[in-house]
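What follows is each chain in one-letter form.
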Amino acid sequence: MAPKIEEIRVQRVENSHMRFVTLELSRLAFEALGESNKDGAQERAEAKMELAIRFYLRDREASRPEWPYPAFLRGSEVSEEVALRLGLETDLWRAFETEAARQDVSIAQLGEHAAFYLAAELDAGRITQRILDDLASTEADG
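1. A word on the side chain of aspartate 59
Right, on to step 1. By the secondary structure assignment, aspartate 59 is in the loop between helix 2 (41-58) and strand 2 (82-89).
Right, on to step 2. When its relative accessible area of 6% is taken as the criterion, aspartate 59 is described as buried.
Right, on to step 3. Within the local environment of aspartate 59, its side chain forms a polar contact with the side chain of tyrosine 117, the two groups lying 2.5 Å apart.

2. What to know about the nonpolar core
Right, on to step 1. Counting residues in each nonpolar core, the largest one holds 29 residues, and the members touching the most others are Leu33, Met49, Ile53, Tyr56, Leu84, Leu86 and Phe96.
Right, on to step 2. Where this core is concerned, the elements lending two or more residues are strand 1 (18-25), helix 1 (27-32), helix 2, strand 2, helix 3 (90-102) and helix 4 (107-124).
Right, on to step 3. Top contributing element to this core by residue count: helix 2, with seven residues.
Right, on to step 4. Setting aside its immediate chain neighbours within four residues, leucine 86 contacts Arg19, Phe20, Val21, Leu23, Glu46, Met49 and Ile53.

3. Digging into unusual backbone geometry
Right, on to step 1. The backbone of aspartate 104 sits at a positive phi, close to 60°, despite the residue not being glycine.
Right, on to step 2. Assignment of secondary structure puts aspartate 104 in the loop between helix 3 and helix 4.

4. Comments concerning the pattern of salt bridges
Right, on to step 1. Counting across every chain of the model gives five salt bridges.
Right, on to step 2. The partner of arginine 54 in a salt bridge is glutamate 50, and the shortest N-O contact between them spans 3.0 Å. Of this pair, arginine 54 and glutamate 50 are both found in helix 2, four residues apart, which corresponds to roughly one turn of the helix.
Right, on to step 3. Residue classification places arginine 54 among the partly exposed positions, given a relative accessible area of 32%.
Right, on to step 4. Look at the salt bridges and you will find they share partners, linking Glu50, Arg54 and Glu89 into a network.

5. A closer look at the packing of helix 3 against helix 4
Right, on to step 1. Relative to each other, helix 3 and helix 4 sit at 105°, their axes nearing to 9 Å. By the angle between their directions, the pair helix 3 and helix 4 is classed as roughly perpendicular. Contacts between helix 3 and helix 4 pair Trp93, Phe96, Glu97, Glu99 and Ala100 from the former with Ile107, Leu110, Gly111 and Ala114 from the latter.
Right, on to step 2. Taken together, the residues of the contact of helix 3 with helix 4 break down into six nonpolar, one polar and two charged.

6. Here's the deal with the packing of aromatic side chains
Right, on to step 1. Summed over the entire model, instances satisfying the criterion amount to four aromatic pairs.
Right, on to step 2. With a centroid separation of 5.8 Å and 45° between ring planes, the pair formed by phenylalanine 55 and tyrosine 117 is classed as tilted. On the criterion of sequence distance, the pair formed by phenylalanine 55 in helix 2 and tyrosine 117 in helix 4 is long-range, its members being 62 residues apart. Both residues of the pair, phenylalanine 55 and tyrosine 117, count as buried.
Right, on to step 3. Taking 5.9 Å as the distance between ring centres and 40° as the angle between the ring planes, the aromatic pair formed by tryptophan 93 and phenylalanine 96 counts as tilted. You can see tryptophan 93 and its partner phenylalanine 96 sitting in helix 3, three residues apart, about one turn around the helix.
Right, on to step 4. The exposure class of tryptophan 93 is buried, given its relative accessible area of 4%.
Right, on to step 5. On the basis of relative accessible area, phenylalanine 96 is assigned to the buried category, the value being 0%.

7. Here's the deal with the environment of arginine 19
Right, on to step 1. As for its placement among the helices and strands, arginine 19 is situated in strand 1.
Right, on to step 2. Judged by relative accessible area, which is 35%, arginine 19 ranks as partly exposed.
Right, on to step 3. Non-local contacts of arginine 19, meaning those with residues more than four positions away in its chain, are made with Leu86, Gly87, Leu88, Thr90, Trp93 and Glu97.

Parameters and conventions
Residues numbered from 1 in each chain as written. Predicted model: local features only at pLDDT ≥ 70, side-chain atom pairs only at ≥ 80, totals over all residues. Heavy atoms only, no water. Helix = DSSP H or I, 4+ residues; strand = E, 2+ residues; numbered from the N terminus. Buried < 20%, exposed > 50% of the residue type's maximum accessible area, 1.4 Å probe, protein only. Polar contact = N/O pair within 3.5 Å; in protein donor to acceptor, adjacent residues only side chain to side chain. Core = buried A, V, L, I, M, F, W, Y, C linked by side-chain atoms within 4.5 Å. Contact = heavy atoms within 4.5 Å. Salt bridge = Lys/Arg side-chain N within 4 Å of Asp/Glu carboxyl O. Axes fitted to C-alpha atoms, helices over the stretch in contact; angles between N-to-C directions. Parallel < 35°, antiparallel > 145°, perpendicular 65-115°, else oblique. Nonpolar A, V, L, I, M, F, W, Y, C, P; charged D, E, K, R; others polar. Phe/Tyr/Trp six-rings, centres within 6.5 Å; stacked < 30°, edge-to-face > 60°.

This is the structure in structure tokens:
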């Protein structure tokens, strides 16, 4: 006779340094991260979304016209078609929440904008130049 299977409870481990959130994006923003419905796309998109958030916040002081959330989109809603489960450093998530509040947009709106912002930078090839500039700066400092 097979042993009785009892209910298994998963205990959430609280980590003061990590925040687990679900960010919902439109299919278009998901695809802007370079993903489609292929195997592993969800996990890759989650990692790319974290990169998009970091990259977006890093450019906060750059005074680039495309950096802030577009004024003409402020009244729009995000089509919540794809849910990304993110495990982010607490400070990173707080900074992102703060920035969304400062710009008076929802977290979903700013998340979608960050995804498009990263995609545009990748498409323009500017990220490669930034990496090279960072490497040159590090070598000069070292």
